[in-house]
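Below, each chain spelled out in residue letters.
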Amino acid sequence: MLSWQSNFLSRAFLWLIISAILCLYRVLKGPTAPDRAVAVDMLGILIVGFCAILSISTGRDWYIDIGLAWALQSFIGIMALAKYLEGKDFDE
Amino acid sequence: MNETIGISLIVIGLVFDFLGCLGLVRFPDVYTRLQASAKCVTLGTCGILFGLFLFKGFSATGMKALLCLAFILLTAPVSAHVLARGAYRSGVKPCKDTVIDQYGESINK
Amino acid sequence: MVSKILIFMLWFLVWLLLSWPPRISSFITGALVSAFVSFMTMDILVKDRPSGRSPLRYLWFVYYIIIFLWECLKANIDVAWRVLHPKLPIRPATIKIRTDLKSDIGLTFLANSITLTPGTTTIDVDKQNGYIYIHVLFLKEGCPDHDMRLPVVSKFERILKKVFE
């Protein structure tokens, strides 16, 4: 890998961390419970991208396995969370 | 050559990820937030994973990246749909700007 | 029978991608495991459907994927523009539209592609009466009231009808 590429990839983390901070803002602030659930779902997908970039920049292939497992378990978790939300009553 | 295309796909993915999360902060209610983030973050992460596939070629890592891409493309809309339905059933009203609300009418009937 | 073999091929493909460089030992293990898994998931994934559909539908499916990716890209640029615009030009609405698709898998693909295309998200599906409730980010003037159809949705519906029904 060329030097400008590895240089670039180390800056890519900055963007992902800013996006994750925006998601975390919504998790903390969100007026209702579904808002927080949406933000947690997006954080789960962002972490998959994070694992993919880690696997390029460090050259360790097993990071993408973590991403795959994370995608599976975050989907199942969100389904359970949404089923829980459906039976509840939330006002503002 | 492949690495340059991969880098540019990763840049596009990062930009869309960031814009999706910005939409999550800026939009007024749950449903519009869900629209912005579910579309942009899904395509952004798919772009990053396809960039990883172009980097690694047909190796073990590249194939797992493709599998992960297909999985995210199939499941992200499903979880968005389930969250929207759960939010509506739990009684979160759409924001003030909403023009027509036919789903609310059909539930309350 | 054909759909059972297709499910076996699908699980076998997933196994192959997970254990990529393919060796003879991983082939044998994969065939056994995916035969077992496809036997276990058969009741969930296969419903009895009329046979005698033309094999041309696989070509239509490829066409659907190309159209879908293009619409998905357009949707993202549209949403990105709306997010960056300082005044947030949105007119959200939840509307109900009519659909002609009957099968479960057709409705699933239609709902997924609605969610990933410009400014629309599926909220609920009413299978008995054939309605889909969607949330629209920017509703054009007087759009859904007279015939309850959106141009993007009916485009997908036309292709999916050829594939799955």
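Conventions we followed
- Here the residue numbers are simple positions, counted from 1 along each chain's written sequence.
- In the order they appear in the text, chains get letters beginning with A and ligands get numbers beginning with 1.
- Only residues with pLDDT of at least 70 get local features here, since the model is predicted, and only at 80 or more are side-chain atom pairs given and counted; chain-wide, interface and lining totals rely on the full set of residues.
- Hydrogens and waters are ignored; side-chain quantities use all the structure's heavy atoms.
- Per the convention used, a helix needs a DSSP run of H or I reaching at least four residues, while a strand needs a run of E reaching at least two, with both numbered from the N terminus.
- Whether a residue is buried, partly exposed or exposed follows from its accessible area with a 1.4 Å probe, protein chains only, as a fraction of its type maximum: under 20%, in between, or over 50%, in that order.
- Contacts are assigned to residue pairs with any non-hydrogen atoms lying within 4.5 Å of each other.
- Areas reported here follow the Shrake-Rupley algorithm with a probe of radius 1.4 Å; residue values treat only the protein chains shown as occluding.
- The set of buried Ala, Val, Leu, Ile, Met, Phe, Trp, Tyr and Cys residues whose side-chain atoms join them within 4.5 Å is what this entry labels a nonpolar core.
- Joining two parts hides part of their accessible area as seen by a 1.4 Å probe, and the buried area is that hidden amount summed over both.
- Counted as salt bridges are all cases of a side-chain nitrogen of Lys or Arg within 4 Å of a carboxyl oxygen of Asp or Glu.
- For this classification, the nonpolar set comprises Ala, Val, Leu, Ile, Met, Phe, Trp, Tyr, Cys and Pro, the charged set comprises Asp, Glu, Lys and Arg, and every other residue, Gly included, is treated as polar.
- The span one expects for a helix is its residue count, reduced by one, times 1.5 Å.
- In the analysis that follows, any N or O atom pair within 3.5 Å is treated as a polar contact, provided that within protein one partner can donate a hydrogen and the other can accept it, and provided that, for residues neighboring in sequence, both atoms belong to side chains.
- Here a strand pair is declared whenever DSSP counts at least two bridges between the two strands.
- Note on aromatic pairs: the rings of Phe, Tyr and Trp (six-membered ring only in Trp) are paired at centre separations within 6.5 Å, and the planes decide the class, stacked below 30 degrees, edge-to-face beyond 60, tilted for the rest.
- The source of the domain bounds is an automatic or database domain assignment.

Asker: Sorry, what's going on with the overall build of chain C here?
Answerer: Helix and strand content of chain C: five helices and three strands. Shown N-terminal to C-terminal, the secondary structure of chain C runs as helices and strands in the order α-α-α-β-α-β-β-α. For chain C, with 165 residues in total, the buried portion stands at 42%. Put simply, 69% of the contacts in chain C that link residues at least 6 apart link residues at least 24 apart. Here chain C has roughly 9,600 Å² of accessible surface; of this, 70% comes from carbon and sulfur atoms.

Asker: Please explain the nonpolar core as it appears in this structure.
Answerer: The tendency in soluble globular proteins is for nonpolar side chains to be buried side by side. Within the largest apolar cluster, 60 residues are counted, with the highest numbers of intra-cluster contacts made by Cys-23 and Ile-53 of chain A together with Leu-14, Leu-49, Ile-72 and Leu-83 of chain B. Elements with a minimum of two residues in this core: α1 (3–29), α2 (33–58) and α3 (63–86) of chain A together with α1 (2–26), α2 (30–56) and α3 (60–89) of chain B. In this structure, Leu-49 of chain B is in contact with Val-48, Ala-52 and Ile-64 of chain A together with Ala-65, Cys-68, Leu-69 and Ile-72 of chain B, ignoring residues within four places of it in sequence. If you look at the next biggest cluster of nonpolar residues, it comprises 35 residues, including Ile-100 of chain B together with Leu-116, Leu-137 and Ile-159 of chain C.

Asker: What exactly am I supposed to notice about the interface of chain B and chain C here?
Answerer: A common way to express how large an interface is: the accessible area buried when the components associate. Taken together, the contacts link 40 residues of chain B with 42 residues of chain C. Summing both sides of the interface, chain B and chain C together bury roughly 3,700 Å²; the carbon and sulfur share of this comes to 71%. Our count for the chain B to chain C interface comes out at two salt bridges. The salt bridge involving Asp-124 of chain C is made with Arg-85 of chain B; its shortest N-O contact spans 3.2 Å. Going through the elements one at a time, α1, α2, α3 and α4 (102–108) of chain B are the ones with two or more residues in the side of chain B that touches chain C. When residues of the side of chain B that touches chain C are assigned to their parent elements, the largest contribution, 14 residues, is made by α3 of chain B. Here the residues of the side of chain B that touches chain C sort into 24 nonpolar, nine polar and seven charged.

Asker: Please clarify how helix α4 (residues 104–115) of chain C should be interpreted in this entry.
Answerer: Note on helix geometry: an α-helix contains 3.6 residues per turn, so any two residues three or four positions apart are oriented the same way. For α4 of chain C, spanning twelve residues, the distance from its first C-alpha to its last is 17 Å, which sits close to the expected 16 Å at 1.5 Å a residue. Along α4 of chain C, the residues classified as buried are Gly-106, Leu-107, Leu-110, Ala-111, Asn-112, Ser-113, Ile-114 and Thr-115 of chain C.

Asker: How should I be thinking about the interface of chain B and chain A in this particular structure?
Answerer: Taken together, the contact between chain B and chain A spans 44 residues of the former and 48 residues of the latter. With both sides pooled, the region where chain B packs onto chain A buries about 4,100 Å², and carbon together with sulfur makes up 77% of that total. The interface formed by chain B and chain A contains six residue pairs in polar contact (both at pLDDT 80 or more). Looking at the side of chain B that touches chain A, the elements that each hand over two or more residues are α1, α2 and α3 of chain B. It is α3 of chain B that provides the largest number of residues to the side of chain B that touches chain A, a total of 17 residues. Residue classes in the side of chain B that touches chain A are distributed as 28 nonpolar, nine polar and seven charged.

Asker: I tried to follow the pairing of strand β3 (residues 131–136) of chain C on my own but got confused; where do I start?
Answerer: Residues and elements named next belong to chain C. A large share of β3 lies buried, amounting to six of its six residues. Side chains of β3 alternate between two faces, with Tyr-131, Tyr-133 and His-135 and Ile-132, Ile-134 and Val-136 buried alike. In the sheet, strand β1 (residues 93–98) pairs with β3 via six bridges, with the strands oriented antiparallel. Looking at β3, one finds that Thr-94 is bridged to His-135. Bridge count for strand β2 (residues 120–126) against β3 is six bridges, and the pairing is antiparallel. Note on β3: the bridge partner recorded for Asp-126 is Tyr-131.

Asker: Please explain the packing of aromatic side chains as it appears in this structure.
Answerer: All names here are of chain B. Counting across every chain of the model gives 14 aromatic pairs over all chains. Judged by centre distance (5.5 Å) and plane angle (90°), the rings of Phe-53 and Phe-58 are edge-to-face. Phe-53 gets classed as buried once you look at its relative accessible area, which sits at 11%. Owing to a relative accessible area of 62%, Phe-58 belongs among the exposed residues under this scheme.

Asker: I tried to follow the domain arrangement of chain C on my own but got confused; where do I start?
Answerer: As assigned here, chain C comprises domain 1 (2–45) and domain 2 (57–164). Relative to domain 2 of chain C, the C-alpha centre of domain 1 of chain C lies at a distance of 32 Å.

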